[in-house]
Amino acid sequence: MGIRFFSIVTLFFLCCTSGMARNRRVHVPDSLSINNVMQKYNALLNALVLKMNGTSTDSTVKFTPYYYRLFAPGTLYKAPLTQTFGIVWSPSFPGSTEDVPASFERGDSCISILSEENGIFMRAYVETPQLIHATEDDLNQAGGLPKDVLPELPPVTHLVENDVNVDFTPEVDPVRLVVRRPNFWRFKGDYSFQLTQNYFSENWYQGENNNYTMLALVSMEANFNNKQKIQWDNHLEMRLGFQTSKTDEVHKVKTNDDLLRFTTKIGYKATQYWFYTLQVQAYTQFYPTYNANSNVVASDFMSPFNLVVSLGMDYKLELAHFKGSANLSPIAYNFRSVSRPSLFGNFGLEAEKGIYNNFGPNITVNYSWEIWKNVKWDARIYWFSNLKTTDIEWENTFTFTINKFLNSKLFLYPRIDDSSESYRSEGKGSYFMFKEWFSLGVNYAF
């Protein structure tokens, strides 16, 4: 089927070109042009045969050298005449009636290819004789075709008059190998500005009054984890709020929430969840606070200043929606100082003294729980005891996310501290204190 289709196409091509050539003058090429043609034919034949021999395929169309005569200038070959008018015909190439190139095997499909080509040439000789410019003898005098196709023949790149050099090398940008040390640090920040409503129990240890406030909150973390043994967590918290209160005629604006706290914790991995840990907590406040309708300072910057150094074990757990750690220290050092002389003896200090030193067990728990998609609960539990007095704190912050920049916060802060008689509630005689605020504001996190 393929041979007949190819024959029809070739015949159509020759017939079309015959009409154009009838009005042209027949030109017989000289010996020099025939020599050039023979060199190009030999080179093409050599390339096709090498490609056919090195390719495993059943196709006789794509990788066979036997079609070259159809695309050569018009030549009177002996094989078509012998096949048409002779008694016995055997396949042969131009220039050889007996020897056939080594790539040809008698009995294969190429015999039918040569036979079909001979028929096409006979029709061309009869219908368009003006297209025939040379004979097979002319080709033989010019050197003839090789009996055996040798690899020493000129390469295919000389088949055209103007060489075209094509670079098939893929255009790939050079790859630069950059070696970088892994970065084990992770940073996190949370900034918000809130409008709040506050409530304080009457015996709150810093002395406050119910009010409405504006509150700024900053939380920053810098954590190191080398994925092997060492983890180092650093957390800086800052809260500063200003209030206006109708019941306070002395102070139109004063602070109501004031915290500056830094926590650093370095751990060495013991098991999958447990770390040997050294933890340091330091906290104080920014501005002085006053009791309502009074110029007496209740607390101030570095008054008090608290430092807790604990050595123990830290348990860390990370789940899909929960992350927490619990630091258990059988022994911790609690240091408290007051820089303002008028406050000596307060905050659990002995009378006329501004420094407090104690040793005892300490537990600090921090966790963050994403209860729902837009509801998050962050908490801190702190417990310290010198076996005489006890300090317990439970800070709870519920964040209700509205969108990327708006949220609402609910802060609940129960506290028990029996280190000072001034912390005792007059009505119930209890050391239990409570602080609460609810806010709506803008938030930015990274």
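Refer to the structure printed above.
This section reports on the structure supplied with the text. (Residues numbered from 1 in each chain as written. Predicted model: local features only at pLDDT ≥ 70, side-chain atom pairs only at ≥ 80, totals over all residues. Heavy atoms only, no water.)

## Describing the overall build of the protein chain
And step 1. Helix and strand content of the protein chain: five helices and 16 strands.
And step 2. A total of 446 residues make up the protein chain; the buried ones form 40% of that total.
And step 3. Taking the intrachain contacts of the protein chain between residues at least 6 apart in sequence as the baseline, contacts between residues at least 24 apart amount to 61%.
And step 4. Total accessible area on the protein chain stands at roughly 26700 Å², and carbon and sulfur atoms take up 61% of it. (Helix = DSSP H or I, 4+ residues; strand = E, 2+ residues; numbered from the N terminus. Buried < 20%, exposed > 50% of the residue type's maximum accessible area, 1.4 Å probe, protein only. Contact = heavy atoms within 4.5 Å. Areas by Shrake-Rupley, 256 points an atom, 1.4 Å probe, with all protein chains shown as cover.)

## Observations regarding the pattern of salt bridges
And step 1. With the rule as written, the count across this model stands at 16 salt bridges.
And step 2. Among the salt bridges present, the one from Arg340 reaches Asp300, with a minimum N-O distance of 2.7 Å. With Arg340 in the loop between strand S11 (322-337) and strand S12 (355-372) and Asp300 in the loop between strand S9 (297-299) and strand S10 (305-318), this pair connects stretches of sequence that are 40 residues apart.
And step 3. The partly exposed category is assigned to Arg340, whose relative accessible area is 29%. (Salt bridge = Lys/Arg side-chain N within 4 Å of Asp/Glu carboxyl O.)

## Observations regarding the environment of Gly267
And step 1. Examined against the element boundaries, Gly267 turns out to sit in strand S6 (residues 254-269).
And step 2. On the basis of relative accessible area, Gly267 is assigned to the buried category, the value being 8%.
And step 3. Residues Gly267 and Leu278, spaced eleven residues apart in sequence, show a C-alpha to C-alpha distance of 6.5 Å.
And step 4. Here Gly267 is in contact with Lys229, Ile230, Gln231, Phe275, Tyr276 and Thr277, once residues within four sequence places are set aside.

## Comments concerning a nonpolar patch on the surface
And step 1. A contiguous nonpolar patch, built from Phe187, Phe193, Leu195, Met214, Ile402, Phe405, Leu406, Leu440, Val442, Tyr444 and Phe446 and spanning about 1100 Å² of accessible area, is present on the exposed surface.
And step 2. Within the secondary structure, Val442 sits in strand S16 (residues 432-445). (Patch = residues over 30% accessible without salt bridge, like charges linked within 9 Å, V, L, I, M, F, W, Y side chains within 5 Å.)

## Notes on the side chain of Ser419
And step 1. Inspection of the secondary structure assignment puts Ser419 in the loop between strand S15 (406-417) and S16.
And step 2. A polar contact is formed between the side chain of Ser419 and the side chain of Asp417, at a distance of 2.7 Å.
And step 3. Apart from residues no more than four positions distant in its own chain, Ser419 is found in contact with Arg336, Phe347, Gly348 and Thr389. (Polar contact = N/O pair within 3.5 Å; in protein donor to acceptor, adjacent residues only side chain to side chain.)

## What to know about the environment of Ser325
And step 1. By the secondary structure assignment, Ser325 is in strand S11.
And step 2. Assessed through its relative accessible area of 13%, Ser325 is described here as buried.
And step 3. Note: C-alpha distance between Ser325 and Asp314 (eleven residues apart in sequence) is 6.7 Å.
And step 4. Separated by 3.2 Å, the side chains of Ser325 and Lys265 make a polar contact.

## A few points about the environment of Thr82
And step 1. Tracing the sequence through the fold places Thr82 in helix H3 (residues 78-85).
And step 2. By relative accessible area, which is 34% here, Thr82 ends up partly exposed.
And step 3. Measuring from C-alpha to C-alpha, the distance between Thr82 and Asn118 comes to 9.2 Å, with 36 residues separating the pair along the chain.

## What to know about the nonpolar core
And step 1. In terms of nonpolar packing, the biggest core is built from 15 residues, with Trp204, Val338, Phe347, Leu349, Tyr423 and Trp437 touching the most fellow members.
And step 2. Counting only elements with at least two residues in this core, the list comes to strand S4 (211-225), S15 and S16.
And step 3. Among the nonpolar cores identified, the runner-up in size contains eight residues, and Ala72, Tyr77, Ile120 and Tyr125 belong to it. (Core = buried A, V, L, I, M, F, W, Y, C linked by side-chain atoms within 4.5 Å.)

## Quick notes on the packing of aromatic side chains
And step 1. In total, this model carries 18 aromatic pairs according to the counting rule given.
And step 2. Three or more aromatic residues joined by ring pairs form one cluster here, namely Phe184, Trp185, Phe187, Phe224 and Trp232.
And step 3. Over the ring of Tyr356 we find Arg336; its NZ or CZ atom is 5.3 Å from the centre of that ring. (Phe/Tyr/Trp six-rings, centres within 6.5 Å; stacked < 30°, edge-to-face > 60°. Lys NZ or Arg CZ within 6 Å of the ring centre and 35° of its normal.)

## Quick look at the side chain of Ser294
And step 1. Along the chain, Ser294 falls in the loop between strand S8 (289-290) and S9.
And step 2. Look at Ser294 and you get buried, because its relative accessible area is 18%.
And step 3. Separated by 3.1 Å, the side chain of Ser294 and the backbone nitrogen of Val296 make a polar contact.
And step 4. When sequence neighbours within four positions are dropped, the list of residues in contact with Ser294 reads Val250 and His251.

## With respect to unusual backbone geometry
And step 1. Between Ser303 and Pro304 the backbone carries a cis peptide bond, its omega angle lying at 5°.
And step 2. A positive phi angle is found at Lys227, which is not glycine, with a value near 65°.
And step 3. Note on placement: Lys227 falls in the loop between S4 and strand S5 (230-244).

## A few points about the pairing of S10
And step 1. Where strand S7 (residues 274-284) lies against S10, ten bridges are found, and the strand directions are antiparallel. When the sheet's bridge partners are listed, Tyr276 is paired in S10 with Met313.
And step 2. Summarising the sheet, S10 and S11 pair through 13 bridges and their orientation is antiparallel. For Lys316, the partnering residue across the bridge sits in S11 and is Ser325.
And step 3. In textbook terms, the turn of a hairpin is the stretch between consecutive antiparallel strands, and for S10 and S11 this stretch comprises three residues. (Pairing = 2+ DSSP bridges.)

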